[in-house]
Amino acid sequence: SSGINAECPLRPGTLAPTPQPYDRFRRVRDLQQALNRILDKLSLDYAVIVGSMEELAKHDELCRNLLEIYKVKRGHENPIVVGLHRHDFMLDKVGEGGNRTKYKMIEMNLAAVSLAPISDGVHRYHQSVLNKLDLVSKEPFRQAAPGLAQGLAEGYRAYLARYTCTKAPVIAMLYNDKNVFNFMDQQGILNAVEDLNIPTIRISIEEFANKTQVDGDNRFMYDGTVEIAVMYLRVLYDPSHYQIPGVWEARKRMELSRTIPVPNVRHQIVNMKLFQMLLSQRSFLGRYAEPGDIDRLLDVFGEVLPLSLDAEGDANARKALLHPDRYVLKPQREGGGNNLWGEDMVAMLEKLRGNPERSKFILMRIIDTPVTPNRFLLHGSEITGVQDTKSELGLYSTYCTVEGCGEVRNNYEGVLLRTKLATSLEGGVAVGYSVIDSPFFT
């Protein structure tokens, strides 16, 4: 590609929406509030967080530094908590001969959830396709970006109610200026915030490290003059985001100030695969879930196995080596492209045999997702032939608690559907494996 297409690449999408079963969707949709409460409650369990992270922190610098900030922050919790979440699921074949399906969780996302504004645009296009065909989805289209903006606004209004501000503070978004691929997606959330008459600014990682300070009133300030009420983090979930000197120090300053990080460090920690694995165990989940939610949650959690350097971890590694087509190896990282499959997984497990660093990974059983035919719309004009595809459904939600008021927001906000070739193992739009789709609930 050359010219304007090279400078402004368009997001690929599907030509038509992909059918999804409404009855099974409702089951996972109705679990979002319970899941958000469980994750927040778990994140406050200091002994469990520190004890669970201890071994992992020895071998993973990102986890170690986040845990150190978590420890320092104990006793200095921000009275206002805001979360923008997206939990991802895929249909799994179950029953005799795989003649039934149910959604199984792929991962929890509490950090830098993306694609809501882009997804909303694809939804609108697909809605026009359905209208022309006189088809009606059982779940009405719901724009996710305005709901996520309302979640940020909830925190902003709580900040204004709690603190004295000499002039209007802002909602700031922290972004990676070395990667502009997500610019319009990120800006779509800020535009929706500004529609609520709340001022916003964008701050690069370098500016975060060098131009933010905490003043005598514990306000988190940008460039000495702009007070930040809510710091919306679209970065800081990957080691590459901390390469600029001073970023870790700025992260610690921010966490200890009165600003509202989204996500805060404790939410980012429970976002790790380690805690997804622990929550898939009935005894662990039972500490944080309401009794009536336990079986419903366990029904959607996938099989996640530890690789600790002990008898259990050795047995799980042997299981994956014997059946490499049934498992995927996942690190404690966000973003697509980090997982290892098949021969690559086998090679890594052999390399880590007897190595304590194996505990940085978990194994997950591969979901056996049904195949659906569809066509891809590429570069704004090219349409592929009919392809066999598989889809992953993400459910957006917002969560906000305020000291003295409890839970003030815990809402389901909409969906994201990403679709890929059935032959593709990985997912993720930003890394080029999936395209944006929308569900047609039947």
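Now for a look at the structure at hand. Here, residues in each chain are numbered from 1, in the same order as that chain's written sequence. This being a predicted model, a pLDDT of at least 70 is required before a residue's local features are given, and a value of 80 or more before pairs of side-chain atoms are given or counted; all residues contribute to the totals for chains, interfaces and linings. Think of the side-chain values as coming from all heavy atoms in the structure, minus any hydrogens and water.

Okay, the overall build of the protein next. The number of helices and strands found in the protein is 16 helices and 21 strands. C-alpha extents for the protein along the principal axes are approximately 65 × 60 × 50 Å. Exposure is judged per residue with a 1.4 Å probe applied to protein chains only, and the accessible area is read against the type maximum: over 50% gives exposed, under 20% gives buried, and values in between give partly exposed. Residues counted as buried form 56% of the 442 residues belonging to the protein. Any two residues having at least one pair of non-hydrogen atoms within 4.5 Å are treated as being in contact. The long-range share in the protein, meaning contacts at least 24 apart out of those at least 6 apart in sequence, stands at 72%. Within the structure as shown, the protein displays about 18,900 Å² of accessible surface, and the carbon and sulfur contribution to it stands at 50%. Positive charges come from Lys and Arg, negative ones from Asp and Glu, while His and the chain ends are left out of the count. By convention, the point assigned to a charge is CZ for Arg, NZ for Lys, CD for Glu and CG for Asp. For the protein, the separation between the mean place of its 53 positive charges and that of its 55 negative charges on side chains is 2 Å. Put simply, DSSP H or I for four residues or longer makes a helix, DSSP E for two residues or longer makes a strand, and each gets a number counted from the N terminus. Each accessible area is a Shrake-Rupley result for a 1.4 Å probe, and residues are judged covered by the shown protein chains and nothing else.

Nonpolar cores are built from buried Ala, Val, Leu, Ile, Met, Phe, Trp, Tyr and Cys residues. Side-chain atoms within 4.5 Å join them into one set. Core analysis: the largest hydrophobic core is formed by 74 residues, its most contacted members being Met53, Phe208 and Met231. Those residues in contact with Met53, other than ones at most four positions away along the chain, are Cys63, Leu67, Ile269, Met272, Leu274 and Phe275.

As a further point, take the environment of Val82. Structurally, Val82 is set in strand S3 (residues 80–94). Take Val82: its relative accessible area is 1%, and that puts it in the buried class. Between the C-alpha atom of Val82 and that of Leu349, which follows or precedes it by 267 residues, the distance is 38 Å. Dropping the residues within four chain positions of it, Val82 is found in contact with Gly151, Gly155, Ile260, Pro261, Val262, Tyr399 and Cys400.

Attention now moves to the packing of aromatic side chains. Pairs were defined over the aromatic rings of Phe, Tyr and Trp, the Trp ring being its six-membered one, requiring ring centres within 6.5 Å. Orientation was assigned from the angle between planes: stacked under 30 degrees, edge-to-face over 60, tilted for the rest. Taken as a whole, this structure holds nine aromatic pairs when the rule is applied. Ring geometry for Tyr242 against Trp248: centres 3.7 Å apart, planes inclined by 15°, an arrangement best described as stacked. The buried category is assigned to Tyr242, whose relative accessible area is 9%. Using a relative accessible area of 18% as the deciding quantity, one classes Trp248 as buried. Three or more aromatic residues joined by ring pairs form one cluster here, namely Tyr22, Phe25, Tyr412 and Phe441. Taking the ring centre of Tyr175 as reference, the NZ or CZ of Arg202 above it sits at 4.3 Å. Criterion for a charge above a ring: Arg CZ or Lys NZ at most 6 Å from the ring centre, at most 35 degrees from the ring normal.

None of this, on its own, says anything about what the molecule does.
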